[in-house]
Amino acid sequence: MAVAKMSVEQLLGVDKFLVDDDVAHIKVDKELCRACSPKPCTYACPAGLYTIKDGEISFDYAGCLECGTCRVVCPNADKVITWAYPRGGFGVQFRYG
Amino acid sequence: MSDDRFTAIIVGAGPAGSTAAYLLAKEGYEVLLIEKGSAPGAKNMFGGRMYAHALNRIIPGFWEEAPVERPVVREIITFMDGGRSTSVTCRDQGWAEPPYHSFTLLRAEFDAWLAAKAEDAGAMLACNICVDDPLYENGKVVGIRAGEDEMFADVVIAADGVNSILAQKAGLAAMFSAGQVATGAKQIIELPAEEIGHRFGLEGEGGAAQLFVGDCTRRIHGGGFLYTNKRSISLGLVLNTASLGKGQIRVVDLIEDFKANPEIAPLIDGGTVAEYSAHLIPEAGLGMTPQLFSDGMLVAGDAAGFVLNLGYIVRGMDFAIASGEAAAGAVKAARQSGDFSKAGLAVYRKLLSESFVLRDLEAYRRAPEFTANPRLYGAYPEFVTSLASRLFTVDGSQPVHVLGKVWDHFRKSGLGLTDIAGDGWKGVKWL
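Only a predicted model underlies this, so the values are computations on that prediction, with no experimental measurement involved.

Chemist: Teacher, can you tell me more about the overall build of chain B here?
Modeler: A count of helical and extended segments in chain B gives 16 helices and 19 strands. Taking 2.2 N^0.38 as the reference for a compact globule, 431 residues should give roughly 22 Å; the C-alpha atoms of chain B span a radius of gyration of 23 Å, in line with that estimate. On the principal axes, the C-alpha backbone points of chain B span a range of 85 × 45 × 40 Å. Buried positions account for 55% of the 431 residues belonging to chain B.

If you want it as structure tokens, here you go:
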């Protein structure tokens, strides 16, 4: 029974988001990420929002599921990640949950 | 009371917050229930099942009106490893009758219902508001700030979930570590109701709950879960976040490989993924309990780390609801004595201890230590599945009695007898 694997983009594509175009609720200091070799965020973020492009961490807050995994898995989170929930009403809107 | 001051501001319209709001509003207190989502439940997800006892005490027969999915009548625990799987299953038709034992449910709908109960009872519900900071007066919490707005109350209840920004900002909770939480990721897979009944051997409205342990997490500490809803399946993984950080495998690859496992694929065949969600789960029990109360503030639900994972039983919502009830009781007592200081709110701990919340967390306080054992996620599933496979195999070779097979298998497994005896003893004593 072959179940076609879905990509993270396809999975996030079924979700409903109200993206806040003005304010990024999570900010990442990519300069500091250079010194991090394990980069656990690239595996642990369920939405796969932390990727490596041209040897640098690339992060997009738009598909964030607001779990908080990056905030705790990052070995240097205090300095690297500024983490907040999106402004009221913005962000992911679970229709099932 | 003045018009601009509430008795209680409750931050977070999840099960803890809405229960507290419902009970306080019913008593006639001025209650403001604040939710950051566009509606209660819009930011919430869980595996899929609520044990019914806690809510049934507060709203007897709640299932008559609440949007629940299926009463669970079948429990399944499955060990999986390398294409082999071994399951233990239990069916109890008694669970299909009132007072139901547990229900699968979907949080967007359910949490909205519970918040509406609080609203009907007289609480004021304000959505689309993300609380930024607690407000203080003489060192006591007296309200909250959200953007430009400041709102005041005798007491603030932080029921804002596992990340509990509010309790952290108020200095009641420290930031937890990755080892103390798990990352849960889930897909809702839609299927026709009768198809779900056929696939899981369920009659009528009955539901199934299945937990998986073994190579579905590739030795990352955690497991899989499956809950049947009316017309969908909740399927996902729970992965200890510290272990996940070291795993070098993306969550999305783990969950998609899990779906392709021969144990899962036939169950979801033809289904449509309707949602993908994720959440942190507090898993360290009393090891991560914040300060539960301070001058003018209480912490309830996930924000207080009130979750219990025994491996075969996972509880969160019943703890959230009962802690919301205890918080309401503490506010009521503080209101009567007119003392919302730390001393006046200290009754919260007593109420939590008298209810099952702190009692059960205390009784199972060593469960997190047990579930941190790596053998549970590798060696044991491998041992159980390969032994079971061998017991069922007929291939014309020399007859060996069960004892001989088990002993031979054990010798080859590389597991130590003291490990098995020690883990087994801890398992029966601590879980």
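Chemist: How should I be thinking about the sheet that holds strand β14 (residues 232–240) of chain B in this particular structure?
Modeler: In a beta sheet, neighbouring strands are held together by backbone hydrogen bonds and run either parallel or antiparallel to one another. All names here are of chain B. Within the open sheet, the seven strands sit side by side as β5-β4-β12-β13-β14-β11-β15. Their pairing is mixed. Both edges of this open sheet fall to β5 (84–91) and β15 (272–282), since each of them pairs with a single strand only. Direction aside, neighbouring strands of the sheet carry axes that sit 15° apart on average. In this sheet, strand β13 (residues 222–228) lies alongside strand β12 (residues 207–214) in antiparallel orientation, the contact comprising four bridges. Residue pairing in the sheet places L211 in a bridge with F225 of β13. Its contacts with the sheet put helix α7 (residues 251–260) on β11 (181–190), β13 and β14, and the angle it makes with β14 is roughly 135°.

Chemist: Mind showing me how you'd approach the pairing of strand β4 (residues 72–81) of chain B here?
Modeler: All names here are of chain B. Taken across its 10 residues, β4 has eight buried, putting it largely inside the fold. Of the strand pairs in this sheet, β4 and β12 are connected by eight bridges, and their pairing is parallel. Its bridge partner lying in β12, V72 is registered against G207. Sheet topology places β4 next to β5; eight bridges connect them, and they run antiparallel. Of the residues in β5, the one forming a bridge with F79 is T86. Linking two consecutive strands that pair antiparallel, namely β4 and β5, is a turn of two residues; a positive phi of about 50° is found at G82 within it.

Chemist: Help me understand the domain arrangement of chain B, please; the structure alone is not making it clear to me.
Modeler: Residue and element names in this part refer to chain B. By domain assignment, chain B separates into domain 1 (5–67 + 107–175 + 288–354), domain 2 (179–282) and domain 3 (373–430). The centre of domain 1, based on its C-alpha atoms, is set 29 Å off from the matching centre of domain 2. At the junction of the two partners, domain 1 supplies 11 residues and domain 2 supplies 15 residues. The residue inventory of the side of domain 1 that touches domain 2, partitioned by class, reads five nonpolar, four polar and two charged.

Chemist: Whenever I open this one, the interface of chain B and chain A confuses me. Can you help?
Modeler: Where the parts come together, the accessible area they lose is often given as the size of the interface. With 45 residues of chain B at the interface, the matching set in chain A holds 31 residues. Looking at the side of chain B that touches chain A, the elements that each hand over two or more residues are α3 (107–120), β11, α6 (241–247), α7, α8 (265–268) and β15 of chain B. Considering every element that reaches the side of chain B that touches chain A, the biggest residue donor is β15 of chain B, with eight residues. Class assignment of the residues belonging to the side of chain B that touches chain A gives a composition of 25 nonpolar, 12 polar and eight charged.

Chemist: Would you take a moment to explain the packing of helix α14 (residues 379–392) of chain B against helix α15 (residues 402–413) of chain B for this structure?
Modeler: Two packed helices can be described by the angle between their axes and the distance between those axes. All names here are of chain B. Where α14 contacts α15, the axes come no closer than 10 Å and their chain directions differ by 145°. The handedness of the crossing between α14 and α15 comes out as right-handed. Facing F383, S386, L387, R390 and L391 of α14, the residues of α15 in contact are V402, K405, V406, H409 and S413. Class assignment of the residues belonging to the contact of α14 with α15 gives a composition of five nonpolar, three polar and two charged.

Chemist: Would you explain the pairing of β11 of chain B in this entry?
Modeler: Working note: regular strand, side chains alternate between the two faces of the sheet. All names here are of chain B. Of all 10 residues in β11, nine are buried; the element is thus mostly enclosed. Taken together, the 10 bridges between β11 and β15 define a ladder with antiparallel strand orientation. Looking at β15, one finds that A182 is bridged to I281. Where β11 lies against β14, nine bridges are found, and the strand directions are antiparallel. Counterpart to A182 in the pairing with β14 is N240.

Chemist: Explanation requested: the environment of T51 of chain A in the structure shown.
Modeler: Residue and element names in this part refer to chain A. As for its placement among the helices and strands, T51 is situated in strand β3 (residues 50–53). Placed 10 residues apart in sequence, T51 and Y61 show a C-alpha to C-alpha distance of 12 Å. Among residues more than four places away in sequence, those in contact with T51 are T42 and S58.

Chemist: Hey, could you run me through the packing of helix α1 (residues 15–26) of chain B against helix α9 (residues 317–337) of chain B in this one?
Modeler: Residues and elements named next belong to chain B. Two elements in contact, α1 and α9, have axes whose closest approach is 7 Å; the angle formed by their N-to-C orientations is 35°. Judged by the twist between their axes, the crossing of α1 over α9 is right-handed. Every residue of α9 that contacts α1 at P15, A16, G17, T19, A20, L23 and L24 is listed here: M317, A320, I321, S323, G324, E325, A327, A328 and V331. When its residues are assigned to classes, the contact of α1 with α9 shows 11 nonpolar, four polar and one charged.

Chemist: Is there a simple way to explain the confidence of the model for chain B in this structure?
Modeler: Per-residue pLDDT for chain B averages 96, and the proportion of residues at 70 or more is 99%. Per the prediction output, this complex has pTM 0.97; the corresponding ipTM is 0.97.

Chemist: Hey, could you run me through the environment of I59 of chain B in this one?
Modeler: Along the polypeptide, I59 of chain B turns up in the loop between α2 (53–58) and β4. Spatially, the C-alpha atom of I59 of chain B lies 24 Å from that of V155 of chain B, the residues being 96 residues apart in sequence.

Calculation notes
Residues numbered from 1 in each chain as written. Chains lettered and ligands numbered in written order. Predicted model: local features only at pLDDT ≥ 70, side-chain atom pairs only at ≥ 80, totals over all residues. Helix = DSSP H or I, 4+ residues; strand = E, 2+ residues; numbered from the N terminus. Rg over C-alpha atoms; globule rule 2.2 N^0.38 Å. Buried ≥ 20, exposed ≤ 12 C-beta atoms within 10 Å, placed from the backbone. Pairing = 2+ DSSP bridges. Axes fitted to C-alpha atoms, helices over the stretch in contact; angles between N-to-C directions. Contact = placed C-beta atoms within 7 Å. Domains from an automatic or database assignment. Nonpolar A, V, L, I, M, F, W, Y, C, P; charged D, E, K, R; others polar. Left-handed = near helix turned anticlockwise from the far one by under 90°. pLDDT = per-residue confidence, 0-100.

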